[in-house]
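A structural walkthrough
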Amino acid sequence: MKNIKIRKTFASLTILSLVLSLITNVKAITFQGSIDNSVNVSKYEAYSNSNEVLNRIPSSLEFEPMTYDEALKIGENENEFFSYLDYQLLDKINDIVKSNLAKINLTEEDYYLDVTDINTCKVFLLENKNFDKVIGEKEIKINYTGNYNTSDEQYVRNKVNQLDFNHILDYYDMTEEYTEDTYNRKQEEFVSTIKEMINDDTIDVIAAYGSAGGGGYGDIGFYATHVNFFKNNILYHVAYSTSYMVNTVYVPESVEDTDKAYIDYALPIVTEFYKENFTVNSVEKVTDENIIEDDSIVLKNNGEFYKINFNELDYDGNKAWARIIIKKKAQKIIEGDLDGNNIVNANDAALALDLYKYGNVTPEQLKVADMDNNGIINANDAALILDIYKYGN
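What you see is a predicted model; the values in this text were computed from it and never measured. (Residues numbered from 1 in each chain as written. Predicted model: local features only at pLDDT ≥ 70, side-chain atom pairs only at ≥ 80, totals over all residues. Heavy atoms only, no water.)

1. What about the sheet that holds strand 3 (residues 120-127)?
So the rule is basically this: In this description, strands pair whenever DSSP reports at least two bridges between them. The secondary structure listing takes helices from DSSP runs of H or I that are at least 4 residues long and strands from runs of E that are at least 2 residues long, numbered from the N terminus. Whenever a helix is involved, its axis is fitted only over the stretch in contact; in every case the axis is a line through C-alpha atoms, and angles between N-to-C directions fall within 0 to 180 degrees. Here a residue-residue contact requires only that any non-hydrogen atoms of the pair lie within 4.5 Å.
Strand order in the open sheet made by the four strands is 1-4-3-2, with mixed pairing throughout. Two strands lie at the open edges of the sheet, namely strand 1 (60-63) and strand 2 (111-117), each paired on one side alone. For this sheet the average axis-to-axis angle between neighbouring strands, irrespective of direction, equals 30 degrees. With four bridges joining them, strand 1 and strand 4 (residues 130-144) adopt parallel strand pairing. Paired with Ser-60 across the strands is Lys-141, a residue of strand 4. Together, strand 1, strand 2, strand 3 and strand 4 form the strand contacts of helix 5 (residues 84-102), whose direction differs from that of strand 2 by roughly 140 degrees.

2. Overview of the side chain of Asp-110
Cut-off, in case you're wondering: As used in this structure description, the phrase polar contact means that two N or O atoms lie within 3.5 Å; if the pair is within protein, one of them must be able to donate a hydrogen and the other to accept it, and residues adjacent in sequence are counted only when both atoms belong to side chains.
Of note, Asp-110 is situated in the loop between helix 5 and strand 2. Among the polar contacts made by the side chain of Asp-110, one reaches the main-chain amide nitrogen of Thr-107 at a distance of 2.8 Å.

3. Comments concerning the pairing of strand 7 (residues 221-231)
Under the convention used in this document: Throughout, exposure labels follow a simple rule: accessible area from a 1.4 Å probe, protein chains only, divided by the maximum for the residue type, with under 20% read as buried, over 50% as exposed, and the rest as partly exposed.
For strand 7, the buried fraction is high: 10 of the 11 residues fall into the buried class. Here five bridges tie strand 6 (residues 203-207) to strand 7, and the two strands are oriented antiparallel to one another. Bridge pairing in strand 7 places Val-205 opposite Phe-229. Where strand 7 and strand 8 (residues 234-251) come together, 11 bridges link them in antiparallel fashion. If you follow Gly-221 over to strand 8, its bridge partner there is Met-245. Hairpin connection of strand 7 to strand 8: two residues between the antiparallel strands, including Asn-232 at a positive phi of 50 degrees.

4. Brief notes about helix 9 (residues 346-358)
Each α-helix winds once per 3.6 residues, and so residues spaced three or four apart point in a common direction. Threshold: What a helix should span is 1.5 Å times the count of its residues minus one. Directions from the helix axis toward the C-beta atoms define the arc.
The terminal C-alpha atoms of helix 9, which comprises 13 residues, lie 18 Å apart, in line with the 18 Å expected from a rise of 1.5 Å per residue. If you check which residues of helix 9 are buried, you get Asp-348, Ala-349, Ala-352 and Leu-355. Seen along its axis, helix 9 keeps its buried residues to an arc of 115 degrees; they face one direction. Exposed positions of helix 9 whose direction lies more than 90 degrees from the buried face are Lys-357 and Tyr-358. Packing partners of the buried residues in helix 9 comprise helix 10 (363-369) and helix 11 (379-391).

5. Structural notes on the confidence of the model for the chain
Our working definition: For every residue, the predictor states its confidence as a pLDDT score lying anywhere from 0 to 100.
Chain-level pLDDT for the chain is 81 on average; 83% of the residues reach the 70-or-more range. Put simply, helix 1 (residues 12-24) is where the chain has its lowest mean pLDDT, 33, and strand 1 is where it has its highest, 98. Within the model, pLDDT remains below 50 along residues 1-42, and this stretch shows 111 contacts once partners closer than five positions in the same chain are excluded.

6. Brief notes about unusual backbone geometry
One non-glycine residue with positive phi stands out, namely Asn-105, at about 70 degrees. Along the chain, Asn-105 falls in the loop between helix 5 and strand 2. Looking at Asn-105, the relative accessible area reads 31%, which means it is partly exposed. Positive phi, normally seen in glycine, also occurs at Asn-233, with a value near 75 degrees. Mapped onto the fold, Asn-233 is located in the loop between strand 7 and strand 8.

7. Some remarks on the packing of aromatic side chains
Using the following cut-off: Note on ring pairs: Phe, Tyr and Trp rings are taken, using the six-membered ring of Trp, and paired if centres are within 6.5 Å. Classes follow the plane angle, with under 30 degrees stacked, over 60 edge-to-face and the rest tilted. Whether a charge sits over a ring comes down to the Lys NZ or Arg CZ being within 6 Å of the ring centre and within 35 degrees of the ring normal.
Under the defined criterion, the tally for this structure stands at 13 aromatic pairs. Ring plane angle 80 degrees and centroid distance 5.4 Å describe the contact between Tyr-112 and Phe-131, whose orientation is recorded as edge-to-face. Linking Tyr-112 in strand 2 with Phe-131 in strand 4, this pair joins segments that are 19 residues apart in sequence. Owing to a relative accessible area of 34%, Phe-131 belongs among the partly exposed residues under this scheme. Residues Phe-165 and Phe-229 carry aromatic rings whose centres are separated by 5.7 Å and whose planes lie at 40 degrees to one another, so their mutual orientation is tilted. Remark: Phe-229 occurs in strand 7 and Phe-165 occurs in the loop between helix 6 (150-161) and strand 5 (169-173); sequence separation between them is 64 residues. Taken individually, Phe-165 and Phe-229 each receive the classification buried, so the pair is uniform in this respect. Put simply, the rings of Tyr-68, Phe-82, Tyr-84 and Phe-230 touch in pairs and so form one group of aromatic residues. Its end group placed over the ring of Tyr-172, Lys-186 keeps NZ or CZ at 4.6 Å from the ring centre. Against the face of Trp-321 rests Lys-307, its NZ or CZ located 4.9 Å from the ring centre.

The structure is reproduced here in structure tokens:
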């Protein structure tokens, strides 16, 4: 598997999504009139008939597909990050639309492009550069040439569409000082989480990781990004991800598994963490079914959330508070290590054979011992475990 390169993305993705929601909810207005194509018309005359303006925009475009190798090269430039929809594809389409509309004196301020996926772009004409006044829209279909394979495209889309990338929790250790190295590790962890969800080594992943707010002093933050999926070196799908940054206290294994024990352990850490901005009054378990709930986002409570009540007031004059997670660290899974002693040896292979013979496989055992990823544990898995023991691969 090739090394995964990740580059930063920022709050602009989220801002764009908010703008899009405004645009797509505005009813388009069609104005009557005509354009004399023999003269250089003014903007007012151009807007007098939006259909004639939109006819200057192609209904379909064709490009060479984006490759995994090319995407990695883009990401290797420290001044750039790879976000195909927002940069590479958008720029190509915009160059064409801008050139066509410039012939009737329209500029980039007079329209808006919404690249919804790698195959679809919508163009919105704006009256007086106002996003609230859409006077016409047109969809452009994007096709790809060369080695683009529709069977691979369908395979990737089927895999990705079965999964939800909008509820990934990113745990920020409240005892750790964050550096550039920490951020780089977080990038790798984010993509690793996506890869684990996909569970398919034939699919490569590149994701632009970044922050859109929160995750430091305060409540739950979030980051919004695009995740790009490749197969056989070709980009076939881009999924949008909104994930959550949550300040977290990690509890040692020796601490009793009760809310009181967790809170008692976390209290001095929480007090120290927030001391420059808040004084902690109390910590309590969150029992609500949902942590976040509005028209577009629902984040369910997984039982790990706690609420910190502060003595200070918020901007609305109410008691300030923040939510964190208190949990024990998940034990690192070593593939093939069925007996949990952090090494893979002949005993693990024997345990795999026992599971094959007698069944009663737990989900945890399946995750550790299903070496060929076929959903069962059998003699082949035991042989693969034994190969690791013998050859160290």
